[in-house]
Amino acid sequence: MKNKLEEIRKSHGIRQEDLAAALEVSRQTIGSLENGRYNPSILLAFKIARYFQLSIEDIFIYEEDVNHEQ
Amino acid sequence: MNNNKLWPPVLLLLCSCFLIFSGLFLIYDRMKNISGLCIGIGGSLFSFAVIWFLQYFLYKKNPGIKKQKEIEQKDERNILITEKAKAKAFQALIVLLICVSFLTILLKASLWVTLGTVCIYLTGIVFQMVYTAKYGKEI
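Calculation notes
- Residues numbered from 1 in each chain as written.
- Chains lettered and ligands numbered in written order.
- Predicted model: local features only at pLDDT ≥ 70, side-chain atom pairs only at ≥ 80, totals over all residues.
- Heavy atoms only, no water.
- Helix = DSSP H or I, 4+ residues; strand = E, 2+ residues; numbered from the N terminus.
- Rg over C-alpha atoms; globule rule 2.2 N^0.38 Å.
- Buried < 20%, exposed > 50% of the residue type's maximum accessible area, 1.4 Å probe, protein only.
- Contact = heavy atoms within 4.5 Å.
- Areas by Shrake-Rupley, 256 points an atom, 1.4 Å probe, with all protein chains shown as cover.
- Lys, Arg positive; Asp, Glu negative; His and termini not counted.
- Charge placed at Lys NZ, Arg CZ, Asp CG, Glu CD.
- Expected span 1.5 Å × (residues − 1).
- Domains from an automatic or database assignment.
- Buried area = accessible area lost by both parts, 1.4 Å probe.
- Salt bridge = Lys/Arg side-chain N within 4 Å of Asp/Glu carboxyl O.
- Polar contact = N/O pair within 3.5 Å; in protein donor to acceptor, adjacent residues only side chain to side chain.
- Nonpolar A, V, L, I, M, F, W, Y, C, P; charged D, E, K, R; others polar.
- Patch = residues over 30% accessible without salt bridge, like charges linked within 9 Å, V, L, I, M, F, W, Y side chains within 5 Å.
- UniProt positions renumbered as here; feature names shortened; annotations may be inferred.

## Let's talk about the overall build of chain A
Item 1. When helices and strands are counted, chain A shows six helices and two strands.
Item 2. Seen in sequence order, chain A has helices and strands lined up from the N terminus as β-α-α-α-α-α-β-α.
Item 3. For 70 residues, the compact-globule estimate of 2.2 N^0.38 gives 11 Å, and chain A sits close to it at 12 Å.
Item 4. Each principal axis of the C-alpha distribution contributes one length, and for chain A these read about 35 × 20 × 20 Å.
Item 5. For chain A, buried positions account for 41% of its 70 residues.
Item 6. For chain A, the proportion of contacts with a sequence separation of at least 24, taken over those separated by at least 6, is 54%.
Item 7. In the form shown here, chain A has an accessible surface area of approximately 4500 Å², with 46% of it arising from carbon and sulfur atoms.
Item 8. Of the side-chain charges in chain A, 9 are positive and 12 negative, and the distance between the mean point of each set is 7 Å.

## Some details on helix H5 (residues 111-138) of chain B
Item 1. Along its 28 residues, H5 of chain B runs 40 Å from first to last C-alpha, staying within 8% of the 40 Å computed at 1.5 Å per residue.
Item 2. Buried positions along H5 of chain B lie against helix H4 (76-106) of chain B.

## Side note on the domain arrangement of chain B
Item 1. Under the domain assignment, chain B is made up of domain 1 (2-73) and domain 2 (76-138).
Item 2. Computed from C-alpha atoms alone, the centre-to-centre distance between domain 1 of chain B and domain 2 of chain B is 30 Å.

## Considering the environment of methionine 31 of chain B
Residues and elements named next belong to chain B.
Item 1. With respect to the helices and strands, methionine 31 occurs in the loop between helix H1 (7-26) and helix H2 (32-61).
Item 2. The class of methionine 31 is partly exposed, set by a relative accessible area of 40%.
Item 3. Placed 27 residues apart in sequence, methionine 31 and leucine 58 show a C-alpha to C-alpha distance of 40 Å.

## Digging into the interface of chain B and chain A
It is common to report an interface's size as the accessible area lost on association of the parts.
Item 1. Facing eight residues of chain B, the contacting portion of chain A comprises 10 residues.
Item 2. Taken over both partners, the interface formed by chain B and chain A buries close to 780 Å², and the fraction arising from carbon and sulfur atoms is 46%.
Item 3. Along the contact surface separating chain B from chain A lie one salt bridge.
Item 4. Salt-bridge contacts for lysine 67 of chain B lead to glutamate 24 of chain A; the nearest nitrogen and oxygen are separated by 3.1 Å.
Item 5. The tally of links between chain B and chain A comes to six residue pairs in polar contact (both at pLDDT 80 or more).
Item 6. At the level of elements, helix H3 (63-74) and H4 of chain B are the ones that each hand at least two residues to the side of chain B that touches chain A.
Item 7. By residue number, the principal contributor to the side of chain B that touches chain A is H4 of chain B, which donates four residues.
Item 8. Class assignment for the residues of the side of chain B that touches chain A results in two nonpolar, one polar and five charged.

## Side note on unusual backbone geometry
Glycine aside, residues mostly have negative phi angles, and peptide bonds mostly take the trans form.
Item 1. Unlike most non-glycine residues, glutamine 53 of chain A shows phi in positive territory, near 55°.
Item 2. Secondary-structure assignment places glutamine 53 of chain A in the loop between helix H4 (42-51) and helix H5 (56-59).
Item 3. Assessed through its relative accessible area of 74%, glutamine 53 of chain A is described here as exposed.
Item 4. Located in the positive-phi region is lysine 108 of chain B, a residue other than glycine, with phi close to 55°.
Item 5. Tracing the chain through its elements places lysine 108 of chain B in the loop between H4 and H5.

## Some points on a nonpolar patch on the surface
Item 1. On the surface, a cluster of nonpolar side chains totalling about 550 Å² of accessible area is made up of Phe18, Phe21, Leu24, Phe25 and Leu26 of chain B.
Item 2. Positionally, phenylalanine 21 of chain B belongs in helix H1.

## Topic: H2 of chain B
Residue and element names in this part refer to chain B.
Item 1. In this model H2 runs 43 Å from its N-terminal to its C-terminal C-alpha over 30 residues, within 8% of the 44 Å that 1.5 Å per residue would give.
Item 2. For H2, every residue scored as buried is listed here: Ser35, Cys38, Gly42, Ala49, Trp52, Phe53, Gln55, Tyr56 and Tyr59.
Item 3. Elements in contact with the buried residues of H2: H1 and H3.

## Section: the UniProt feature "transmembrane region" (unreviewed entry) in chain B
Residues and elements named next belong to chain B.
Item 1. When the UniProt feature table is mapped onto this chain, "transmembrane region" (unreviewed entry) is found at residues 7-28, 34-59, 89-107 and 113-133.
Item 2. Here residues 34-59 is 100% helix and 0% strand, with 37 Å between the C-alpha atoms at its ends.
Item 3. Note that residues 113-133 is 100% helix and 0% strand, and that its end C-alpha atoms are spaced 30 Å apart.

Okay, here's the thing in structure tokens:
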């Protein structure tokens, strides 16, 4: 699953550390999410979406959707 | 480990001192095996209590560190990594136990030693089956 977390975070001018503190996760988790090495639980996905006031689909892209777009 | 209260490490420290003292002076001549056990357990509890004390004072001085530690402990990725590592370690342990069982046969060890290792192996497998069934119902 791909995501636009890094792009969205940077557009909001937030550091990884601050986002991690706001979501109560470790900074490494944010790094892994941004690199696509780790897929979040549905709870964390909702937390991230609510934090940026976006929908989950705006941040996370299901691989099948990416293939359809191509 | 609850780091908010001071009495649990104090109690642990007293217990450990009592165990070490008993092991060294009270029962040393009469029961050497039990004495060794008391010293071993007492020593472990003593180090555990000291770590507890250090954490208590460290967290009291720096609440930020405590908050960060709590976040690290509850972090879903950290939990996933720990669980995965434990599962892999269990798999490795099971293979190791099979090897040890065969080794005891090759070394012509007593039958109870071989049966003991096989029993530990089977207990592990039974635990795995029980927890698989339990979580299969729960999740």
